[in-house]
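Okay, here's what each chain looks like letter by letter:
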Amino acid sequence: MTISTDPDRDWKNRISAQALRQIQELDLALDPNSFELWYTFFSGRHKALTEAVNALLAATGRPSAGDISGLYEQFLYPTKAVTRIHAIGALVHSQSNALIDVIEEASDATHGYETRLSSAAPRLALGRMEDGLQTIVDELLTWTMDIQTANAVLVDRLRSAADQVRKLQDQLDQVRLESMTDPLTEVGNRKYFENQLSLHVASDDSGPLALLIVDLDNFKQFNDRHGHVVGDDVLRLAASTIKHNCRRDDVVCRYGGDEFAIILPRTPLREALLLGEAIRAAIAARELHRRSTHESLGRLLISIGAAEFRPGETADDFVERADHWMYAAKQARRDRTRPGPDAAARDPGERRPDILWHETYACGEPTIDAQHRELFDLANVILGPEIEMLEPARLSELVELLLTRVAEHFQYEQAVLEASGYDECGLHRMEHDHLLIRARQVSEAVVSGHQSLGELRAFLVNSVILGHMLKDDRRFFPLFDRQASSATQSGAAPVHRERRRLSL
């Protein structure tokens, strides 16, 4: 008995085994894309991919599912897409030739029919003997039946060819859609985001355009503690929650590894803030569990930056402003969660003032409350130790963001109070104007180095937060018919008033 071996098959089996072993060692999900990437890597047939994977392994040691997905999309998916497009293109060419043949046959048949009719016309005009007329009529009937039969065949062929062309168009649309979709989360990818943002920025539509940048704060913890399979589920959960809270026309994309971007057409900043708060609350409300054991894995925390497009700015500037606000929210959340009470007791030098949002600070008008909460986050960034490490240019940018946001909030709040018929509207406007002038003076002095950062911190906490938002603003709370207004009337003091007496 003779046993024959297939060297090529043995080689493929070895490569397949290496790919599977690598996926298991890195705790990655065994999906077709991941297997194809590692199979291609170990086969050594894609130099650019091999170099990119080696660089990633050297840098991280344990690449995440997002890293693998990114490499697949960068190196393998375009090749597959091009191959499919070429194949579809060849079929389109074949169907086009078939259509041309059908059209030419139809043209020849019609021309022949017209020629026969032309030859019969003079004979009919002569009006010869009765039997001759009958012969001509019989011929005309025969020709007509022939052309009808030919036309029926041609119509069927045209219909069949048209159906094939439509199917090919659908396939091209599918390839185009897949090339713009993140395979893991099934939302738009970075390329789709950039294309859509460029279209919206260049659009003549005069309506407002807003942008949200969403960052998953503790995503890396899920990956490190529970593995990349759980990390993939977290990304899918975040994407589906974001899509569920968005409208049909909103554009949801995966912007980076653990970042999402949402383009909001015809949406002013205040509505974007409300949507961001809805997304944050929806994600925070979901407690994650391991499927196999139902073990609680905790909750996902996110930071969101929002911006409204300013006429004349570039798409990059637009994204950068939203990204800055996301950074501010992220730093505020990180500062709040890092130095817990025990840590502060162990190292008093790391204690610092922290202003915490409480639901009793909400007036009941959704946008005002969202803006107040955002200003709390930004204030915590100014109060944090990281700001002392910033270069002057970066500090100037952050301070300017603060001033811009405060001014936008004051403008919106004033419009709401005027529309609500607030009795002290004029006085409130004067308070706003005074605070903005003083904020500009203090900020410019700090940025120029004429005053310390402590002056800005003291003004922000004492004048803007404690003095205005938690004192002056509470006078208009009854306008929005909140039950919490009773706490205002009782003169309840802010829970963090003592905390602000720490070193400012």
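Residues numbered from 1 in each chain as written. Predicted model: local features only at pLDDT ≥ 70, side-chain atom pairs only at ≥ 80, totals over all residues. Heavy atoms only, no water.

**Thoughts on the environment of G305**
Turning to step 1, where the next piece is worked out: Secondary-structure assignment places G305 in strand 6 (residues 302-308).
Turning to step 2, where the next piece is worked out: With a relative accessible area of 0%, G305 lands in the buried category.
Turning to step 3, where the next piece is worked out: In sequence terms G305 and L273 are 32 residues apart; their C-alpha atoms lie 8.7 Å from each other. (Helix = DSSP H or I, 4+ residues; strand = E, 2+ residues; numbered from the N terminus. Buried < 20%, exposed > 50% of the residue type's maximum accessible area, 1.4 Å probe, protein only.)

**Quick word on the pattern of salt bridges**
Turning to step 1, where the next piece is worked out: Taken as a whole and assessed by the stated rule, the structure comprises 14 salt bridges.
Turning to step 2, where the next piece is worked out: Ionic pairing is found between E194 and R190, a salt bridge with its closest N-O pair at 3.3 Å. With E194 and R190 both in helix 6 (residues 190-202) and 4 residues apart, the pair spans about one turn of that helix.
Turning to step 3, where the next piece is worked out: Measuring nitrogen to oxygen at the nearest pair gives 2.8 Å for the salt bridge that ties E424 to R475. Pair noted here: E424 is in the loop between helix 13 (392-419) and helix 14 (425-448) and R475 is in the loop between helix 15 (453-472) and helix 16 (485-489), with a separation of 51 residues, a long-range link.
Turning to step 4, where the next piece is worked out: The exposure class of E424 is partly exposed, given its relative accessible area of 31%.
Turning to step 5, where the next piece is worked out: Its relative accessible area of 33% is what places R475 among the partly exposed residues. (Salt bridge = Lys/Arg side-chain N within 4 Å of Asp/Glu carboxyl O.)

**Concerning the pairing of strand 1 (residues 209-216)**
Side chains on a regular strand alternate between the two faces of the sheet.
Turning to step 1, where the next piece is worked out: Along strand 1, 8 of the 8 residues are buried, which leaves the element largely enclosed by surrounding structure.
Turning to step 2, where the next piece is worked out: Where burial is concerned, the two faces of strand 1 agree: the one with L209, L211, I213 and D215 and the one with A210, L212, V214 and L216 are both buried.
Turning to step 3, where the next piece is worked out: Sheet topology places strand 1 next to strand 3 (residues 259-265); 7 bridges connect them, and they run antiparallel. Bridge pairing in strand 3 places L212 opposite I262. (Pairing = 2+ DSSP bridges.)

**Side note on the pairing of strand 2 (residues 251-254)**
Turning to step 1, where the next piece is worked out: The alternating pattern of strand 2 places V251 and C253 and V252 and R254 on opposite faces, both of which are buried.
Turning to step 2, where the next piece is worked out: With 4 bridges connecting them, strand 2 and strand 3 associate as antiparallel partners. Along strand 3, the bridge assignment pairs V251 with I263.
Turning to step 3, where the next piece is worked out: In sequence, strand 2 turns back onto strand 3 through a hairpin of 4 residues.

**Digging into the sheet that holds strand 2**
Turning to step 1, where the next piece is worked out: The 4 strands are arranged 2-3-1-6 in an open sheet whose pairing can be described as antiparallel. Looking at strand neighbours, the two that pair on one side only are strand 2 and strand 6, the edges of this open sheet. The mean angle between the axes of side-by-side strands here comes to 15 degrees, regardless of whether they run parallel or antiparallel.
Turning to step 2, where the next piece is worked out: Here helix 8 (residues 228-245) sits on the sheet and contacts strand 1, strand 2 and strand 3; the angle it forms with strand 3, its principal contact strand, is near 10 degrees. (Axes fitted to C-alpha atoms, helices over the stretch in contact; angles between N-to-C directions. Contact = heavy atoms within 4.5 Å.)

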